[in-house]
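# Structural overview for review
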Amino acid sequence: MLRPMLRIRRSVLWALLVALVLSLLVTLVWLAGRYENSEIENRLERDASEVVRDIRSGLTRNIQSFQAMPSGGSSVDAWLLAAAELLREHREILRLEWRSDTLAILSPVNTPYRPAIFERFGRDNAQADVASACSAAKRLSGAAYSTSYFVPQVDGLGLEVMDVCLPIVAAGRLSGYTVATYALQDLLAELVSKQLVRGQSLSFTEADATRLALHGPTMRGSRVFVARQLLDLPGNTLVLRLESRLGLQGLFPNVLTALVTAMSLALMVVLFLLARDMRRRLKVEHDLGEALAFRKAMEDSLVTGLRARDLSGRITYVNPAFCQMVGMAAKDLLNHSFPSPYWPPELADIYQQRQTIRLAGNNLPREGHESVFIRPDGTRFPVLIMEAPLINAVGKHTGWMSAILDVSEQHRVEELSRASQDRLQATARLAMVGEMASLLSHELNQPLAAISSYATGSLNLLKDTAHTPPAALSSDLQLAVSRIAEQAERAGKVIKSVRDLVRRRDQEREAVAPQALLDAVMPLVSLQARKLSVTVVMTVEPQASAVLCDRTMVEQVLLNLARNGMQAMQNLEGTANRVLTLQVRPAASKGASRWVEFTVIDQGDGIAPGVASQLFTPFFTTKVEGMGLGLSLCRTVIEQHGGFLSFEAAQPRGTIFRFTLPVDGPHLFL
Ligand code: ADP
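Residues numbered from 1 in each chain as written. Predicted model: local features only at pLDDT ≥ 70, side-chain atom pairs only at ≥ 80, totals over all residues. Heavy atoms only, no water.

## Focus: the pattern of salt bridges
Working definition: two side chains of opposite charge can pair if their charged atoms are close together. Note the threshold: Should a side-chain nitrogen of Lys or Arg be within 4 Å of a carboxyl oxygen of Asp or Glu, the pair is scored as a salt bridge. Secondary structure elements are defined from DSSP: runs of H or I of at least 4 residues count as helices, runs of E of at least 2 residues count as strands, and each element is numbered from the N terminus. Exposure classes here rest on a 1.4 Å probe applied to the protein chains alone. A residue is buried below 20% of its type maximum, exposed above 50%, and partly exposed in between.
One pass over the structure, following the stated rule, counts 23 salt bridges. Of the charged contacts in the structure, one is a salt bridge between Asp-277 and Arg-281, with a shortest N-O distance of 3.0 Å. Of the two residues, Asp-277 and Arg-281 both sit in helix H6 (residues 255-301), 4 residues apart, roughly one turn of that helix. For Asp-277, a relative accessible area of 35% corresponds to the partly exposed category. One salt bridge in this structure joins Arg-658 and Glu-597, with 3.5 Å as the shortest N-O distance. Highlighted residues: Arg-658 in strand S22 (residues 655-662) and Glu-597 in strand S20 (residues 595-601), separated in sequence by 61 residues.

Written as structure tokens, this is what we have:
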């Protein structure tokens, strides 16, 4: 629900940002354009006033030249000379006239650069203009200009001209007028500085924008810049129009706009890149979020406690499983240094030392170590801790990471299974002892009967001393007593072996020679062998080293296997085939063997496939009086020693039971 909302908000914000930037850019470009335009207009305006100033000062200079011309009393020739000189120098003056005070033309001179302008229609057409200018000049006592007028020319074109009239005053009296005729077009061409005009067009217009004279190219188009200035002359006012096409080339009218546009484009590109970067960031953020969520889910569902410590031993991280295990909140554990709050007070010192040594040495056992932790309610529980150095992304060692397993349940199960194993063993032993007892009673009957008959015989000998010579009596008695002693000793051995078997001893491991093991069980094995008419063959290879084992238990295994083998042969026809073989040799291996192999081979009926699969199942038996505990017990004992119990069919008949025991030596690990 939150995500789509966020996405919509983000898109709206982005759209807003793009719109803002775009409008800002458009405004900037527009403003820059306007600024440039106003700059051009200002410059044009300035240029126009310059032009006006140029024209005005040119006209003033000309008036001064007119005033300096010889007139009045001077000869006409001198005037004509001066006028011709002036006309040569000033191309803008088309004609100079010396007029009388009644405005009659005394002597006119035309410019040498053009055909005489009034040639086609005569001078009289403009008489009114001249007259008004001269009357104004007279009134002003200075130069005055006429309004401009058009003079058609011989070549079919025409010129817009303007007269200036300057009164000639001699001895305080008006003696005549100097009238000069200007071509407006030439005024623009001659009086205005060439630099100002370059690339622009200058023209004189009337107030209604009718063009009177033009200098420079004609300009058309919507983006022509125009500046107007009034050329205010005594008697006439002209409008000067300056047109420029500056800045019209290209899409961008000028550098500033181009610059702003370029910057805007750059801004757009940056914005685009930023958006792309942002998109990537969002993706990474999203991926990171997913990874974090996954990690969190993983941590939360872990049953193994996790704990991280920095190099100084302070806890930097604990997962929920750890908190639950020690019954404390994460905030109470974090930043906690030694002694940790879950250490039992009586063990804190030992743990502290152990921790210091372990962390300083940097060689942590991979299989971990066991400790006891305490919960705030005082309950203690065993844990298995596995520690590893914490290496960060740049390969720096920043602390220690520990995985902690609560092993109380495991311990409980182990304890239970050990107890039941003990019970099982005890039961098995009792069952066997019961069986042995019946065998013993039967077997002990023999020596006891023998003893009793030897004793009776001896008594009879002693009663009958009269008939027996003392020497013979003594040797007979000696024989009888020594037989008694022999039988008694045999009976004693049988009893002792049973007692050894039944008496529960601590599981002490000791080095025992294989021969010694066989010798220990032999009296009982022989006892039963005799009963079942079985021949026992025993071979011990001399290379077979002493084995490290719990002697009584291994003897029990041998007894069990031997007994089973003998029982398997009891139904055989004839007694010749009833052979039980006991072999001991080093287990087959490449180097010096670290195991000794014990083999018990019978020639019985063998093991049926249905029986084989259940052979080691406790209480599985095929015998009427069997307990079904022997083999399962045997396997447990052998596996406790690190060995292996197996069986296979013997050829041509019978079964081979095989087990291994470790050789006594320093290289052993059990
Ligand atoms: P029990 O001897 O009390 O029956 P065991 O666990 O020693 O208990 O043996 C389980 C069963 O395995 C026996 O009942 C027997 O059927 C079979 N068995 C054991 N050893 C042999 C053997 N050497 N040959 C044939 N069968 C055997």
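Now, onward.
## Regarding the site of the ligand
As a reminder of what qualifies: Think of it this way: one heavy atom of a residue within 4 Å of a molecule or strand is enough to make that residue near it. Here a polar contact means two N or O atoms within 3.5 Å. Within protein one must be a hydrogen donor candidate and the other an acceptor candidate, and residues neighboring in sequence count only if both atoms are side-chain atoms. All amino acids are sorted into three groups, where Ala, Val, Leu, Ile, Met, Phe, Trp, Tyr, Cys and Pro are nonpolar, Asp, Glu, Lys and Arg are charged, and the leftover types, Gly among them, are polar.
With respect to spatial proximity, 20 residues lie near the ligand, and among them Asn-564, Asp-602, Thr-621, Thr-622 and Lys-623 are the closest. Contacts to the ligand include Asn-564, whose side-chain N or O atom sits 2.8 Å from an oxygen atom. Of all the secondary structure elements, the ones that give two or more residues to the shell around the ligand are helix H13 (551-568), helix H15 (630-640) and S22. The dominant element in the shell around the ligand, judged by the number of residues it contributes, is H13, at 4 residues. Taken together, the residues of the shell around the ligand break down into 8 nonpolar, 9 polar and 3 charged.

## What to know about unusual backbone geometry
Each neighbour pair has its own omega, and for Gln-651 with Pro-652 the value is 0°, a cis peptide bond. Considering the arrangement of structural elements, one finds Pro-652 in the loop between strand S21 (645-649) and S22. One non-glycine residue, Ala-209, adopts positive backbone phi at about 75°. Position of Ala-209 among the secondary structure elements: in the loop between strand S7 (200-205) and strand S8 (211-215). The backbone phi angle of Ser-533 is positive, close to 60°, even though this residue is not glycine. Judged by relative accessible area, which is 34%, Ser-533 ranks as partly exposed.

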